[in-house]
Each structure stands twice: as C-alpha cells, then as structure tokens.
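# Coordinates in review
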Amino acid sequence: MKLESILAAKGPQVITTGAGTSISDAIALLAHHNIGAVIVVDPAGAPSGILSERDIIRHLAASDAPAGATVGDWMTSPVTVATPADDVDAVLQTMTARRFRHVPVVERGRLLGMVTIGDLVKAERDDFQGAIESLESQLLDA
Amino acid sequence: MSGGTPTPAALNVAIIGAGPAAFYAAEALFRDGPPTTHVDMFDRLPTPFGLVRHGVAPDHQKIKNVTKSFSQVAADPRFRFFGNVEFGRDLSLDDIRAHYHQVLFATGAQTDRRMNIPGEDLRGSHPATAFVAWYNGHPDFQDCQFDLSQERVAVVGVGNVAVDVARILCLSREEMEQTDMPRHVIEALSQSRVREVHLLGRRGPAQAAFTNPELKELGNLADADLVIRPEEAALDELSRAEVEASGDRMLQRKVDMIAEFAARPPEGKERQLFLRFFVSPVELIGGVSGTVTALKLVRTRLVASESGTLSAEPTGEFETIETGLVFRSVGYRGVPLPGVPFHERWGVILNESGRILDEASNEPLPGMYTSGWIKRGPSGVIGTNKPDSVETVAAMLEDAVSGRTFAPVESARDAYPATLESRGLRCVTFDDWCRIDAVEQAQGAREGRPRAKLTSVAEMLACLDAPAASSSQVASAAG
Ligand SMILES: Cc1cc2nc3c(=O)[nH]c(=O)nc-3n(C[C@H](O)[C@H](O)[C@H](O)COP(=O)(O)OP(=O)(O)OC[C@H]3O[C@@H](n4cnc5c(N)ncnc54)[C@H](O)[C@@H]3O)c2cc1C
Ligand SMILES: NC(=O)c1ccc[n+]([C@@H]2O[C@H](COP(=O)([O-])OP(=O)(O)OC[C@H]3O[C@@H](n4cnc5c(N)ncnc54)[C@H](OP(=O)(O)O)[C@@H]3O)[C@@H](O)[C@H]2O)c1
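Residues numbered from 1 in each chain as written. Chains lettered and ligands numbered in written order. Predicted model: local features only at pLDDT ≥ 70, side-chain atom pairs only at ≥ 80, totals over all residues. Heavy atoms only, no water.

This part covers the packing of aromatic side chains. Residues and elements named next belong to chain B. In this structure the tally under the stated criterion is 22 aromatic pairs over all chains. Measuring from ring centre to ring centre gives 6.4 Å for Phe-42 and Tyr-100, while their planes differ by 85°; the resulting arrangement is edge-to-face. Of the two residues, Phe-42 sits in strand E2 (residues 37–43) while Tyr-100 sits in the loop between helix H4 (93–99) and strand E4 (102–105), which places them 58 residues apart along the sequence. Both residues of the pair, Phe-42 and Tyr-100, belong to the buried class. (Phe/Tyr/Trp six-rings, centres within 6.5 Å; stacked < 30°, edge-to-face > 60°. Helix = DSSP H or I, 4+ residues; strand = E, 2+ residues; numbered from the N terminus. Buried < 20%, exposed > 50% of the residue type's maximum accessible area, 1.4 Å probe, protein only.)

With that settled, consider the sheet that holds strand E13 (residues 310–322) of chain B. Residues and elements named next belong to chain B. The strand order across the open sheet formed by three strands is E11-E12-E13, and the pairing between neighbours is antiparallel. This sheet does not close on itself; its edge strands, each paired only once, are strand E11 (279–286) and E13. The average undirected angle you get between the axes of adjacent strands in this sheet is 20°. Note: E11 against strand E12 (residues 292–304), seven bridges, orientation antiparallel. Its bridge partner lying in E12, Glu-283 is registered against Lys-296. (Pairing = 2+ DSSP bridges. Axes fitted to C-alpha atoms, helices over the stretch in contact; angles between N-to-C directions.)

Here we come to the site of ligand 2. In the vicinity of ligand 2 lie 20 residues, with Lys-2 of chain A together with Arg-202, Arg-203, Glu-214 and Gly-380 of chain B positioned nearest. Residues near ligand 2 are shared among chains A and B, making this a multi-chain site. At 3.1 Å from an oxygen atom of ligand 2 is found a side-chain nitrogen or oxygen belonging to Asn-160 of chain B. In the environment of ligand 2, a nitrogen atom lies 2.8 Å from a nitrogen or oxygen atom belonging to the side chain of Glu-214 of chain B. In the complex, the protein chains occlude 82% of the 920 Å² of accessible area that ligand 2 would expose alone. The element contributing the most residues to the shell around ligand 2 is helix H6 (residues 160–170) of chain B, with three residues. (Near = heavy atom within 4 Å. Polar contact = N/O pair within 3.5 Å; in protein donor to acceptor, adjacent residues only side chain to side chain. Areas by Shrake-Rupley, 256 points an atom, 1.4 Å probe, with all protein chains shown as cover.)

Residue and element names in this part refer to chain B. One can read the domain layout of chain B as domain 1 (11–110 + 334–428), domain 2 (111–331) and domain 3 (429–479). Each of domain 1 and domain 3 was reduced to a C-alpha centroid, and the two centroids are 26 Å apart. Listed per partner, the contact involves 16 residues of domain 1 and 15 residues of domain 3. Where domain 1 abuts domain 3, roughly 1,300 Å² becomes buried across the two surfaces, and 66% of that area is made up of carbon and sulfur atoms. Taken together, the connections running from domain 1 to domain 3 amount to three salt bridges. Here Asp-465 makes a salt bridge to Arg-426, at a shortest N to O gap of 3.0 Å. The interface formed by domain 1 and domain 3 holds four residue pairs in polar contact (both at pLDDT 80 or more) in total. Elements supplying a minimum of two residues to the side of domain 1 that touches domain 3: helix H3 (66–74) and strand E3 (79–83). Broken down by class, the residue content of the side of domain 1 that touches domain 3 amounts to nine nonpolar, four polar and three charged. (Domains from an automatic or database assignment. Contact = heavy atoms within 4.5 Å. Buried area = accessible area lost by both parts, 1.4 Å probe. Salt bridge = Lys/Arg side-chain N within 4 Å of Asp/Glu carboxyl O. Nonpolar A, V, L, I, M, F, W, Y, C, P; charged D, E, K, R; others polar.)

Residue and element names in this part refer to chain B. Within the secondary structure layout, Pro-139 lies in the loop between helix H5 (128–135) and strand E7 (152–156). Exposure remark for Pro-139: the relative accessible area of 17% places this residue in the buried category. Distance from Pro-139 to His-54, taken between C-alpha atoms, is 9.6 Å for residues 85 residues apart in sequence. Those residues within four positions of Pro-139 in sequence are excluded, and the remaining contacts are Leu-45, His-54, Thr-455, Ser-456, Val-457 and Met-460.

Residue and element names in this part refer to chain B. By nearness alone, 33 residues border ligand 1, and Asp-43, Leu-51, Phe-87, Trp-373 and Ile-382 come closest of all. Ala-21 has a polar backbone atom sitting 3.0 Å from an oxygen atom of ligand 1. For ligand 1, whose free accessible area comes to 1,000 Å², the fraction covered by protein is 93%. Of all the elements in the fold, those that place two or more residues in the shell around ligand 1 are helix H1 (20–32), E2 and H6.

A low pLDDT score tells you not to read the predicted coordinates there in detail. Residues and elements named next belong to chain B. When pLDDT is averaged along chain B, the result is 94, and 96% of the positions lie at 70 or above. Confidence drops under pLDDT 50 across residues 469–479; counting only partners more than four residues distant or on other chains, this segment forms 14 contacts. For this predicted complex, the interface score ipTM comes out at 0.93, while the overall pTM is 0.95. (pLDDT = per-residue confidence, 0-100.)

This brings us to the interface of chain B and chain A. Counting residues at the interface gives 38 residues for chain B, matched by 37 residues for chain A. Overall, the association of chain B and chain A removes approximately 2,900 Å² of surface from exposure, summing both partners, and the carbon and sulfur fraction of that is 50%. The interface formed by chain B and chain A holds five salt bridges in total. Our enumeration of links across chain B and chain A arrives at 14 residue pairs in polar contact (both at pLDDT 80 or more). Among the residues forming the side of chain B that touches chain A, the class breakdown is 11 nonpolar, 14 polar and 13 charged.

Further remarks concern helix H12 (residues 249–263) of chain B. Residue and element names in this part refer to chain B. In a regular helix each residue adds 1.5 Å, so 15 residues correspond to 21 Å; H12 covers 21 Å between its end C-alpha atoms and thus fits that length. For H12, the full list of buried residues reads Leu-251, Lys-254, Val-255, Met-257, Ile-258, Phe-261 and Ala-262. Burial along H12 is one-sided: seen end-on, the buried residues are contained in an arc of 155°. Exposed side of H12, more than 90 degrees from the buried face: Arg-249 and Ala-263 are the residues found there. Where H12 is buried, its residues contact helix H9 (212–218), strand E9 (224–228), helix H10 (230–233) and helix H11 (237–246). With a side-chain oxygen positioned 3.0 Å from the backbone nitrogen of Met-250, the residue opening H12 is Asp-248. (Expected span 1.5 Å × (residues − 1). Arc of directions from axis to C-beta.)

Structure representation (structure tokens):
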C-alpha cells in the first residue's frame, strides 16, 4: 500500500503557513483547524519546515516567550518529506523509529498533502481488518 | 444545503455500482440507518458483484463465496437492484437529485494505469485489466484478441493481479475445466503456445506486492516450474535491514519462500514461469507491422528515500526480452463520472473520508458520497472495502440527521422503475439476476464446473425473457 491511497480520501486541502507568521497566529491556526501540526512553506510553496504541538511545548517549557517569536524561530527544519509512491509500511517504520507524527507529501517540489501517523495506523488497521473479513467470509460461507 | 428532512420519515439512497463497496455500504445503511432507509443499487451491467465476478480469478472460486453475504443484503425488502442501468448514460445526477436524499458512488476503477514509456500502445501490448476482464467473461471485453501463439509472454508488475495473469496463462486444461471461465476462453487458452511467462518486478523480493498464499500457489502449479534467479532472490543490505526492523513475520516468510523457490531445481514441466526482480521496463520495441517484438528492461538497485521507502534506481545496465505479447499489470485507475468532481492526480472522486467535495470550495457537496476503489484508489482486498464503506456511511447518517441532503421532489419508490422503463431500458432486478445465476450454474453443472458464464448482455436478457423451460437451451447456445 502506498501513501497515495491515503491522500486520495483526505481531500486536497493542506494547511500551511509562512515562516514569518507569528507564533500566536500559528497556534490560532492549529486550534481553528483542530490539527497537531502545520507545514511551513517558502514563497515558492515548497515545505521548509513544520511547526507541531511538540515544537510549541518544547519552546514554552524552555521559557521562550511566544510574543515576538515567529514560526521560523520555533519550527523544526528541515522537515522529512515523503512522496505519494512511498510505501505505508516503510514510512510508518521511519516515523516510529524517529518519533515524528506528521509527514508532508511532495512531488517534484510541489506540496500535495500531509499524512499523520494516525492516518497510517488507520490504513494498516483497515488493511488488516479487510484481510480478516475476506478470510472469514471464505470460511463461514464455504 | 437543501431543507430535506429525511429522518425519520424516509432515507432514500441511490448507490451507483454493485461491487463489494456498494454492498458493504448497503449493509451498513440497513444496520445503522433509520428503519425507513431504502437503497436502490444501480449497475451498468445486468450482473451484480463487480470485480468479484469480473476480477477475482476463475480458479479461486472460494473467494467468490462472499457474494452469499451480499445476496443476503439484497434480500432485505428495503433493497432494490437495477442492473443494466449506467450512470451518465441512462441515469443522470439530476434524476437522482429529484428522487433520492443521498447518492453513493461505488463505481470502482474502470481502466488501467499507464507506465508512460515508449511503445506502450504497440499491438501485442495489453493492459492486464483487459485480459482479466476477457477471461472472466466481462461483456465489454469479449472481442479482445490476445496473440496466444506467442511462446514467450512478459507480465509487468508483481502485484496479485500480475500473479493471477501469470497463473491463468499457465493453467492446465484440467485446471481450466474446473473454473467458471466462458467456454471460448477455455478453448483459446488451451490452444495457447505460451511456454515462458516472465513476471517482472522493478524492486526486490521484500517489496513485492503479491501476498504469500498467491506466491505459494505459483510454486505449486501442475504445468509450470517457477524459476527464480538466486542472485535476484538474495536480499540487499537495505532490504535485509527493512525486513528485520519491521518485525513483520509475513514479510519474513515471503522472502524466505522466494529464496526457497530460487534454490529448487526445475522439474521439467511443460511451462516455465520466471519470477524476476530488479528489472524495470524502459521501452517496448516494435517491428515493421507496429507489433511489439521485444521489451527493453533496465536493471535496478534499491535506494532509500528520505522517508525510508526503498525505491528502484536504474543502474544503466539493460537487457531485452524478445516477446510479442506483453501484459502491463501496474495497477487500475478510476474514471470520472459526469457531474461528479474528480481528482486527476489520484484518479478518484474528489472526497474527504467519503464526502464528495466541491472542486471550487473544497467543501462537502450535500447528498454526495463515495466508497471503494473510486474513493481511495485501486488497492486492497474485497474485505478492505468494508471499513471504507462503513466510514462513508457514518458520514451519510450524520449528515442525514442534520438535514444536509438532497431535497427530492418525488419518491424513488414511486418513480422507479417506471421512469427508467419509459426510457426504453430493460432493468434487471435482483430476482432477474438470480435467474441468470441459476442458468449459469445449471450449465456449469452439466459441464462439471461451478458455473458457465454468459458473456453478452443480449444473452442475459434473452434468458430472462425466454420461458423458464427453455433457459437451459439459451445457456448451451451461449456456451
Ligand atoms: C484482477 C483482480 C483480482 C482480484 N482478486 C481478489 C481476490 O482474489 N481477493 C480479494 O479479496 N480481492 C481481490 N481483488 C480486489 C477486489 O476485487 C476489490 O477490492 C473490490 O472489487 C473493489 O470494490 P469496488 O466496489 O470498489 O469496485 P468494483 O468491484 O470494481 O465494482 C464497481 C462496480 O461499479 C459498476 N460501475 C462502474 N461504472 C458505472 C456506472 N457509470 N454506472 C453504473 N455502474 C457502474 C461496475 O460495473 C462494477 O460492478 C481483485 C482485484 C482485481 C482487479
Ligand atoms: N488474491 C488476492 O487476494 C488478490 C488478487 C488480485 C488483486 N488483489 C488486490 O487488488 C489490489 C490491486 O492489485 P494490483 O496487482 O493491480 O496492484 P498492486 O498490488 O498495487 O501492484 C502493482 C504492481 O505494479 C508495479 N508497478 C507499478 N508501476 C510500475 C511501473 N511503472 N513499472 C513497473 N512496475 C510497476 C508495482 O511495483 P512497485 O511496488 O515497485 O510500485 C507492483 O508490483 C491489490 O490490493 C491486491 O492485493 C488481491
């Protein structure tokens, strides 16, 4: 299974922001869309970093003042990206091993979407459930 | 948003397509929807079940047992089937809007994905989709011609569909006589001169898309030796690390099985099935007549992408397989439906978790939903469509409660089938299908196999309109 089968049912909208956005505006954006991370894009639209809840918590815990700080100051950069043809299994392994939860999906420099670890786990679970469902129907109806 | 108040008064749902996604959705609607839920299911073919009938391999009859549970859904008095009705030709979105509260599109993936290499359209190069539809008796594909006088065939891709195609090409006559393939297909395949089938994977054993039971079956064919090059079966460093880190026992079993098959000496069977890895097609070479004569491949090696995926990188080393028959089994692809927003890049209906989105605003379009391969793309087994359809139905019921539906002007129960019949359409009901089914099974029983498929719409309709006593003659005439 590839990432594109997850993106296909996620809708085309990706929430992005610029490095110059203030941290308080970025927090408002996360809250408004009920998301855990926002992709930071450069003026050409290519991902230059990611600002997640974790980044925000880390900076707050270090007593960094949000006032005056920008997304560029607090984001994680560079950000690991994936392509639509990447395997769900492999990306999930990488995310688990390297402990991140959001991956922007790009193709030839263009941002196409984002997948979360929740999306990947759900896809694996549905795949697994599907296989069980199929086996059961073969056994029960035989 | 329209002001329909569907619950609890009535919830009339149209489902377009009658494959697994459609039936799982109907099942969920009856289970979780208000008792007043009614489902009308339309398919462009007179026969239900989509790829279970026209995709699932004819030598895998047990898998088709799932149709029994679909038939139970169809037995619900709130269910109606309208076969032989095509959305976009016989039925429009306006028709649906006028008669239903909601529509769910479950039309599957009706075409093939392209490789985008030179020579792809030469004569003798076919999408696996066409070959599969032909051997499974799909009415639209019975005129296809495949040059089975070729001794060597290449099948591009190592997914389960590629494995099906390779296996069907290697079946013995006895094995074919136990399938439900149309008689003319059995005749054509048993006269085939194919001696070598080359199944081509562009990555390594650990990335092969086929599943273990399907691989095991390839190693146990009556008439064909499975041949794997030991050097291609061996895992490279990156793959070995990937398999280990995954802790995935099934994946470990797959690569072990491939290594075991590679070490096994061939038994000198009539045919040879070569399973190759690390080769990627770059060009189909044509002869003077515009027919393919060879397939040029580049050897590949694996490189890890940023996100950890191992993908194929060309090495610059080439090889050529002389062949006049190539099947491209690199995936299916959805086609757009009139009036329904489509996402070109993914080849699916534009949607978010099954809610169809407006192209301009990306907001959900009230009343419009999708599930199955046309929602998420062409991957997953039959059962995978169940959680997929359950997700969409949950959205449908949530929206129905809040009144975000179409506002039908007339009930579908009153308007259909009369409206369709007034257009000169011969709708096939589920009872009609049961009669077709009985005719096919009866003919199958006479031939000592599970079923003998009718392969033209005219034949199917003729057997419905014929007096019951003569339907067996229709079937034998068809056979
Ligand atoms: C070759 C092949 C072999 C497979 N083998 C297996 C297997 O062994 N085991 C397994 O578990 N899974 C198998 N699968 C996967 C399984 O078939 C799919 O997961 C499943 O069929 C997808 O369901 P669907 O309902 O989305 O689409 P489909 O099954 O394709 O159903 C779509 C339906 O919509 C109808 N339709 C299309 N357009 C219109 C229109 N405009 N108007 C009205 N109706 C329309 C079609 O006629 C069709 O009946 C196989 C797939 C393929 C391609
Ligand atoms: N028995 C069964 O249970 C059964 C039978 C049939 C089908 N199905 C299911 O139906 C779904 C569809 O099956 P499928 O076989 O069509 O798709 P699939 O599993 O996605 O396999 C596609 C294959 O084509 C290869 N490929 C793609 N593009 C290519 C290119 N340009 N050049 C060379 N190779 C290319 C892929 O390789 P990469 O991985 O390198 O991209 C992969 O090996 C699957 O989920 C399958 O499991 C199940």
